[in-house]
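Chain by chain, the residues:
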Amino acid sequence: MAQAAIELIGINKSFGAVRANRDINLEIVRGTIHGIVGENGAGKSTLMSILYGFYQADSGEIRVGGKPASIKTPNDAIALGIGMVHQHFMLVDNFTVLENVILGAESDALLTKSIAKARSELERLEREYGLEVDPDAIIEELPVGLQQRVEILKALYRGAEILILDEPTGVLTPAEADHLFRILKQLKEQGKTVVLITHKLREIMAITDTVSVMRQGTMVATRETRKTTVEELAELMVGRRVLLRVEKGEAEAGGVKLAVKNLTVKDSRGVTMVDDISFDIRAGEIVGIAGVAGNGQSELLEAISGIRRAVSGSVMLDGKPIDLTGAADPGELRDRGLAHVPEDRHHVGLVLAFEENENSILGYHDDPRYLKGPFLDIDAIRNDARDKITKYDIRPADCRLKTANFSGGNQQKIVLAREMEQDPGVLIVGQPTRGVDVGAIEFIHKRLIAMRDQGKAVLVVSVELDEIRSLSDRILVMFAGRIVGERGPEATEGELGLLMAGVEQREAAE
Amino acid sequence: MSTPYAKLPAWADYGLIPVINLAVAFVVAGFVVMLVGENPFRAAVILVEGAFGKGQGIAFTLFYATTFIFSGLSVAVAAHCGLFNIGGEGQGYIAGLGIGIVCLAFDSVLPWWLTFPIAIIAAAAMGALWALIPAYLQAKRGSHIVITTIMFNFIAASVMVYALVGFLKPPSSMAPQTRTFLDGAQLPKLNWVIELFGAKIRSAPLNISFLLALVMAFLVWLLIWRTRLGYEMRTYGHSPKAARYAGISETRIIIIAMMISGALAGMMALNPTMGDQHNVALDFVSGAGFVGIAVALMGRLHPVGIVLAAILFGMLYQGGAELAFEMPAISRDMIVIIQGLVILFAGALEHMFRPYVQALFASISPRSVGIEAAKGKGA
Ligand SMILES: Nc1ncnc2c1ncn2[C@@H]1O[C@H](COP(=O)(O)OP(=O)(O)OP(=O)(O)O)[C@@H](O)[C@H]1O
Ligand SMILES: [Mg+2]
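Because the structure is a prediction, the values reported are computed rather than measured.

**Q** I'm lost on the overall build of chain A in this one. Help?
**A** Each helix and strand in chain A was counted, giving 18 helices and 22 strands. A compact globule built from 510 residues would reach a C-alpha radius of gyration of about 24 Å, and chain A, at 24 Å, matches this within 12%. By its C-alpha atoms, chain A is 70 × 50 × 50 Å across when sized along the principal axes. Taken across its 510 residues, chain A has 56% of its residues classed as buried. Of the contacts made within chain A by residues no fewer than 6 positions apart, 66% connect residues no fewer than 24 positions apart. Of the roughly 20,500 Å² of accessible surface on chain A, 49% is carried by carbon and sulfur atoms. Side chains of chain A give 62 positive and 78 negative charges; the mean places of these two sets differ by 3 Å.

**Q** In this structure, what is going on with the pattern of salt bridges? I would like to understand it.
**A** Close approach of charged atoms lets side chains of opposite charge pair. Residue and element names in this part refer to chain A. All told, the structure shown has 39 salt bridges over all chains when counted by the stated rule. Here Glu161 makes a salt bridge to Lys192, at a shortest N to O gap of 3.3 Å. Note that Glu161 is positioned in the loop between helix H5 (144–157) and strand E7 (162–166) and Lys192 in the loop between helix H6 (174–189) and strand E8 (193–197), a separation of 31 residues in sequence. Here Glu232 makes a salt bridge to Arg223, at a shortest N to O gap of 2.9 Å. When salt bridges with common partners are traced through the structure, they connect Glu39, Asp393 and Arg395 into a single cluster.

**Q** Help me understand the sheet that holds strand E4 (residues 59–64) of chain A, please; the structure alone is not making it clear to me.
**A** The strands making up a sheet associate through backbone hydrogen bonding, with each pair oriented either parallel or antiparallel. Residues and elements named next belong to chain A. The antiparallel open sheet is built from 4 strands, whose spatial order is E2-E1-E4-E5. The open sheet has two edge strands, strand E2 (18–29) and strand E5 (67–69), and neither has a second partner. This sheet shows a mean twist of 25° between the axes of neighbouring strands, independent of strand direction. As paired elements, strand E1 (residues 4–15) and E2 share 8 bridges and run antiparallel to each other. Following the sheet pairing, Ser14 is matched in E2 by Arg19. Against the sheet, helix H1 (residues 44–51) contacts E1, E2 and E4, and its axis sits at roughly 115° relative to E1.

**Q** Help me out: how do you make sense of the site of ligand 1 in this one?
**A** All names here are of chain A. Near ligand 1 lie 20 residues; those nearest to it are Gly41, Lys44, Ser45, Thr46 and Asn405. His199 is positioned with one of its side-chain polar atoms (N or O) 2.8 Å from an oxygen atom of ligand 1. For ligand 1, the accessible surface in isolation is 640 Å², of which the surrounding protein chains cover 91%. Of all the secondary structure elements, the ones that give two or more residues to the shell around ligand 1 are E2, H1 and helix H14 (408–420). Element by element, the count of residues in the shell around ligand 1 is highest for H1, at 3 residues. Of the residues belonging to the shell around ligand 1, the class tally is 7 nonpolar, 10 polar and 3 charged. Residue contributions to the shell around ligand 1 reach at least three from each of two domains, namely domain 1 (4–238) and domain 2 (256–509).

**Q** Explanation requested: the domain arrangement of chain A in the structure shown.
**A** As a measure of interface size, the accessible area lost when the parts come together is often cited. All names here are of chain A. According to the domain assignment, chain A consists of domain 1 (4–238) and domain 2 (256–509). On a C-alpha basis, the centres of domain 1 and domain 2 stand 31 Å from each other. Tallying the contact residues gives 17 residues for domain 1 and 18 residues for domain 2. In this assembly, domain 1 and domain 2 are joined by 3 salt bridges. Linking Lys200 and Glu464 is a salt bridge whose minimum nitrogen-to-oxygen distance equals 3.0 Å. On inspection of domain 1 and its partner domain 2, the count reaches 4 residue pairs in polar contact (both at pLDDT 80 or more). In terms of residue count, the dominant contributor to the side of domain 1 that touches domain 2 is helix H8 (residues 230–238) (3 residues). Class assignment for the residues of the side of domain 1 that touches domain 2 results in 5 nonpolar, 8 polar and 4 charged.

**Q** Sorry, what's going on with the packing of aromatic side chains here?
**A** Each aromatic ring pair is described using two quantities: the centre-to-centre distance and the angle formed by the ring planes. In this structure the tally under the stated criterion is 12 aromatic pairs over all chains. A ring pair is formed by Tyr392 of chain A and Phe443 of chain A, whose centres lie 5.4 Å apart and whose planes are at 85°; its orientation type is edge-to-face. You can see Tyr392 of chain A sitting in the loop between helix H13 (378–391) and H14 and its partner Phe443 of chain A sitting in helix H15 (residues 438–453), a full 51 residues away along the chain. Assessed through its relative accessible area of 2%, Tyr392 of chain A is described here as buried. A relative accessible area of 26% means that Phe443 of chain A is categorised as partly exposed. Pairing Trp112 of chain B with Phe116 of chain B gives two aromatic rings, centres 6.4 Å apart and planes at 45°, and the pair type is tilted.

**Q** In this structure, what is going on with the nonpolar core? I would like to understand it.
**A** Side chains that are nonpolar tend, in soluble globular proteins, to be buried together. Counting residues in each nonpolar core, the largest one holds 155 residues, and the members touching the most others are Leu448 of chain A together with Leu270, Met274 and Phe313 of chain B. In terms of residues, this core owes the most to one element, helix H3 (residues 55–80) of chain B, which gives 12 residues. In this view, Met274 of chain B contacts Ile99, Cys103, Thr115, Phe116, Ala119, Phe181, Ala185, Gln186 and Leu187 of chain B; residues no more than four positions away in its chain are not counted. Judged by nonpolar contacts, the second largest core, of 35 residues, contains Val85, Leu125, Leu153 and Ile183 of chain A.

**Q** Sorry, what's going on with the interface of chain A and chain B here?
**A** The partner chain B presents 31 residues to the 51 residues of chain A that form the contact. Of the roughly 3,600 Å² buried between chain A and chain B on both sides combined, carbon and sulfur atoms contribute 61%. Along the contact surface separating chain A from chain B lie 1 salt bridge. One salt bridge connects Arg234 of chain B with Glu358 of chain A, and the closest N-O pair in it is separated by 2.7 Å. For the pair chain A and chain B, the interface holds 13 residue pairs in polar contact (both at pLDDT 80 or more). Top element by residues in the side of chain A that touches chain B is E1 of chain A. It accounts for 4 residues.

Conventions and cut-offs
- Note that residues are indexed from 1 along each chain, following the sequence as it is written.
- Here the convention is simple: chains get letters from A, ligands get numbers from 1, in the order in which they are written.
- A pLDDT threshold of at least 70 governs which residues receive local features in this predicted model, and a stricter bar of 80 or more applies before side-chain atom pairs are shown or counted, although totals over entire chains, interfaces and linings include all residues.
- Only hydrogens and water are removed before side-chain values are computed, so all heavy atoms of the structure are retained for them.
- Counting from the N terminus, the helices are the DSSP runs of H or I reaching at least four residues and the strands are the DSSP runs of E reaching at least two.
- For the radius of gyration, the atom set is restricted to C-alpha positions; the globular benchmark scales as 2.2 Å times the number of residues to the power 0.38.
- A simple rule labels every residue: compare its accessible area, found with a 1.4 Å probe on the protein chains alone, to the largest value its type can have, and call it buried under 20%, exposed over 50%, or partly exposed in between.
- Contacts are assigned to residue pairs that have any heavy atoms within 4.5 Å of one another.
- Areas reported as accessible are Shrake-Rupley estimates using a 1.4 Å probe. Residue values count occlusion only from the protein chains shown.
- We count Lys and Arg on the positive side and Asp and Glu on the negative side, and we leave His and both chain ends out.
- Each charge is placed at NZ for Lys, CZ for Arg, CG for Asp and CD for Glu.
- We count a salt bridge whenever a side-chain nitrogen from Lys or Arg sits within 4 Å of a carboxyl oxygen from Asp or Glu.
- Two strands pair under a simple rule: DSSP has to find at least two bridges between them.
- Axes here mean lines fitted to C-alpha atoms, for a helix over just the part in contact, with angles spanning 0 to 180 degrees between N-to-C directions.
- One heavy atom suffices: a residue is near a molecule or strand as soon as one of its heavy atoms comes within 4 Å of it.
- Polar contact is the term for a pair of N or O atoms within 3.5 Å; when the atoms are in protein, one must be able to donate a hydrogen and the other to accept it, and sequence-neighboring residues count only if both atoms are side-chain atoms.
- Think of it as three bins: nonpolar holds Ala, Val, Leu, Ile, Met, Phe, Trp, Tyr, Cys and Pro, charged holds Asp, Glu, Lys and Arg, and polar takes everything else, Gly as well.
- A domain assignment, automatic or from a database, supplies the domain bounds used here.
- Stacked, tilted and edge-to-face are the three classes applied to pairs of Phe, Tyr and Trp rings, where Trp contributes its six-membered ring and a pair requires centres within 6.5 Å; stacked means planes under 30 degrees apart, edge-to-face means over 60, and tilted covers the rest.
- Within this scheme, the nonpolar core is defined by two criteria: the residues are buried Ala, Val, Leu, Ile, Met, Phe, Trp, Tyr or Cys, and they are joined through side-chain atoms within 4.5 Å.
- By definition, the buried area sums, over both parts, the 1.4 Å-probe accessible area that each loses when the two are put together.

As structure tokens, this is what we get:
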């Protein structure tokens, strides 16, 4: 008889008028991988935060291993064997792996004993779960995939029997994600319990045993994974049928809107990130750039949008050059009809401390529509923000709410709404649907295709191959700073995968 | 997911926490008073009565507060743009040069209400200019503004010594200060306003620059939250990357924010010179620029908070003076210690009690810990 590792009974949690969790009942069986899916803002993170002691439930009961538990702080959770891997890692960047793992769990003042003990313990954990990482490596020098492993190690080191992962694959490359899943399976085999929150239904199907669906704060269904389908889950989440692949007609490409020629960009350390790249985007087409994260896509986007200096080459917008010296005024580019949805919405695309309506004018704050002389026209700004909230179904529909309090997917919609509603001639989008639920992905894809059909030029950079394939009229594959191939939308995943891995073009075509 | 602890309701954030901080500061100060063998309760009564008991005390409290409002606003404007201007002291001091020149030139020919606006402009311009150089160095060369503004405090002090023992001093005088300004550069007192409420005032230096300070507090609020420039400053203050993305020029915004900050610091010089002493003397700023840092922090960088915090510090100054007078065991230095404790708890240790208050709130009423009071019935 399967035993419950965790039981949540009648959990309620409100933030002001927002009921983030209502009457949630959930049982997580020991030794299983339990997936939780749901729309943006459905309350998944809130529920897990209650379990981990970040928030207190307004009412309800938590049982761990059959016994009622009072979890007031993360320390209580850790003591009960609950560990959490956050979407934004909580590591000290300039510490080593080992130092991070023992941080907060040191047992003696001089650390010598802790360190020796931790090292052998760490080695045991690494062996047991396939979590290889050099204990003496400095965190900031590790790729995100390995940083995440350190987070997992930290939790295991503290004796976690139950591991919660909130959208762990959002920042990972496909290969890193595969490795993570192998680790999670190992953990399961060793009898640990895993709770996995993700928006990627494919991952749910691939790895979980059970999956629970949340919608608008309630738990709407729990299914055995092998008895459900992606389509059913999507429908349960959104409450209606969802197109997992948006229909689109043939592109009617017009004249060249954006021409990139021999562009070379270096990063701050002087490493060439974009290496002599040339391509065009014409009116009425979507060009997708596929590639494993870190192959120069971010630098390419930043150079085109005037944020990063280019070493050489040129970019022409409507036949007129863009200043690539690093002195470009992104505001002027906006006036010329270039809109940019940056990859990093938390630090670049939004000011999290601002109210929603303040973010809805970021970059367009000198537009006379939002101004009365030198003053902000608060009424105009808020009305405009409310319109966008309605049109893009941003939840909660409160333009005065602090942006940090919106869920990840809704934050993304705030940025997209702002940039798309300016009706730009050229739209460049980095990771359009990172952390966004299936319903919203459908919506965003529809909007992007609608923009294309209105004759706009759209450049999409994404690490999601599915997304690139369903959106793009032409696909460019980037590897090590170069474009290693161009394919049509009919290209297979395998073919693109090989290109992305840097396998020679000729071989890949065969 | 990034906020580990939930937010407090606004009234606790802006009301309760400062009060707790203040209470702790006074308890610790009380121990210090006990240590020198005086009764801390009597000391507290003297302090508060000295500051607010009589019309005279109120006028003095508000007089001190005037200077602190200016310096607090100065710190806040820079802070909203992510800059720590600790050069208010020097910016205010050097503004005395502008004020001195204007007053000496015009006090015999113009009435006060014409000299005053000219002096305001001169003070603001001098303060802004003094902030411009560190701002430029920060924006263009990356020299840290904290270091450069400190250095400029020293430079300002030297320049003022040079000016006050040199060309600003009447040739016959021995004292390092200007001659006494004539009526044309003396600001009208505001004591009659307090007297309207029936209090009696012998003589107190509260003057019309208090009103200027209140106007500036309103203008700063308008600037920060209602203008495009303020929006740009706040964007840069929260996230330089987002500002870059939004097309906000780093150089421009740093320089403008620092110049506004410097101008406000400069204006604080009007109160002690034209308002009180009717001259420009050596060291007339006497630390008010630094008090501004504590005032701004305690006021949570909001003009309303700053006005209240400035009045609190005005009270400490005025009540403290009374205390030193009434209780011989308590010297001027003791007062400085008490002021220091308030700065420590209200400014530097601002977040010390926050987690406890949050935990308390979470346990007594979890639903109140959110964005606003919960609506509807509990579940
Ligand atoms: N600290 C907070 N203050 C106010 N509202 C909040 C707070 N945290 C979350 N919310 C609101 O609670 C609801 C649930 O948010 P939660 O982060 O749990 O969603 P989620 O299911 O994790 O979404 P996503 O998939 O986008 O991460 C949202 O409407 C959100 O805006
Ligand atoms: Mg979430």
